[in-house]
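# Structural overview
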Amino acid sequence: MSPMLLLLILAGLVWYWQAGMNCRDIAIATARHTCEREGLQLLDGTVALRNIRPSYGRGNRPGLLRTFGFEYSTDGFSRLSGCIVLRNSRVESIILDSR
């Protein structure tokens, strides 16, 4: 394997990891904002990647659809689940369990 090809593969992996971390940060901020707006308590203060798959958006542009899960509480005792779906780095939907 040539050094140039190895360098390109490494650069692609670094880009993929960095994009994933950026999406995770966006999902955390979205979960916090949603919980504040709805009067909920975000539990654990973080999100977890649940699913990642290829997708095609407007104009058949390729991208990745990432689903992040998080837990929140309405009263400090119950644990409910929610999820945030991102297409590339844009929030597509926010789903909360029925209360």
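Located above this text is the structure these notes cover.
Let us look at the structure shown here. Remember, it's a predicted structure, so these values are computed and weren't measured experimentally. Along each chain, residue indices are assigned from 1 in the same order as the chain's sequence is written. Restriction of local features to residues with pLDDT of at least 70 applies here, the model being predicted, together with a cutoff of 80 or more for giving and counting side-chain atom pairs; totals for whole chains, interfaces and linings are based on all residues. Think of the side-chain values as coming from all heavy atoms in the structure, minus any hydrogens and water.

## With respect to the pairing of strand β1 (residues 41–56)
Strand pairing follows a simple DSSP-based rule, namely that at least 2 bridges must link the two strands. Per the convention used, a helix needs a DSSP run of H or I reaching at least four residues, while a strand needs a run of E reaching at least two, with both numbered from the N terminus. Sheet analysis places β1 next to strand β2 (residues 62–73), joined by eleven bridges and oriented antiparallel. Within the sheet, the bridge partner assigned to Gln41 lies in β2 and is Ser73. From the end of β1 to the start of β2, which pair antiparallel, there are five residues, and Gly59 there has a positive phi angle of about 70 degrees.

## As for the nonpolar core
Residues belong to one nonpolar core when they are buried, are Ala, Val, Leu, Ile, Met, Phe, Trp, Tyr or Cys, and are joined through side-chain atoms within 4.5 Å. Buried, partly exposed and exposed residues are distinguished by accessible area as a fraction of the type maximum, computed with a 1.4 Å probe on protein chains only: under 20%, between the cut-offs, and over 50%, respectively. Counting residues in hydrophobic clusters, the biggest one holds 14 residues, and the most contacted among them are Ala31, Cys35, Val47, Phe68, Phe70, Tyr72 and Leu86. For this core, the secondary structure elements donating two or more residues are α1 (3–38), β1, β2 and β3 (80–87). Throughout, a residue-residue contact means that at least one pair of heavy atoms, one from each residue, lies within 4.5 Å. When near neighbours in sequence (up to four residues on either side) are disregarded, Phe68 contacts Cys23, Arg24, Ala27, Val47, Ala48, Leu49, Arg50, Gly82, Cys83, Ile84 and Leu86.

## Remarks on the layout of surface pockets
Put simply, the grid is 1 Å and covers the protein atoms alone, a cavity is a trapped set of points that fit a 1.4 Å probe, a pocket is an open set with protein on both sides within 12 Å along at least five of seven lines, and lining residues have an atom within 4 Å of a point. Grid points are joined across faces, edges and corners, and a volume is the space filled by probe spheres set on the points. Quantified by volume, the largest pocket comes out at close to 210 Å³. Listed by contribution, the elements that provide at least two residues to the lining of the largest pocket are β2 and β4 (90–96). Of the residues in the lining of the largest pocket, the class split is one nonpolar, three polar and five charged. Side-chain classes follow a simple rule in which Ala, Val, Leu, Ile, Met, Phe, Trp, Tyr, Cys and Pro form the nonpolar group, Asp, Glu, Lys and Arg form the charged group, and the remainder, Gly included, forms the polar group.

## Notes on the packing of aromatic side chains
Aromatic contacts are taken between Phe, Tyr and Trp rings whose centres are within 6.5 Å, Trp giving its six-membered ring; a plane angle under 30 degrees counts as stacked, one over 60 as edge-to-face, and the others as tilted. Enumeration over the complete set of coordinates arrives at one aromatic pair. Plain terms: the ring middles of Phe70 and Tyr72 are 6.1 Å apart, the flat faces sit at 40 degrees to each other, and that makes the pair tilted. For Tyr72, a relative accessible area of 0% gives the class buried.

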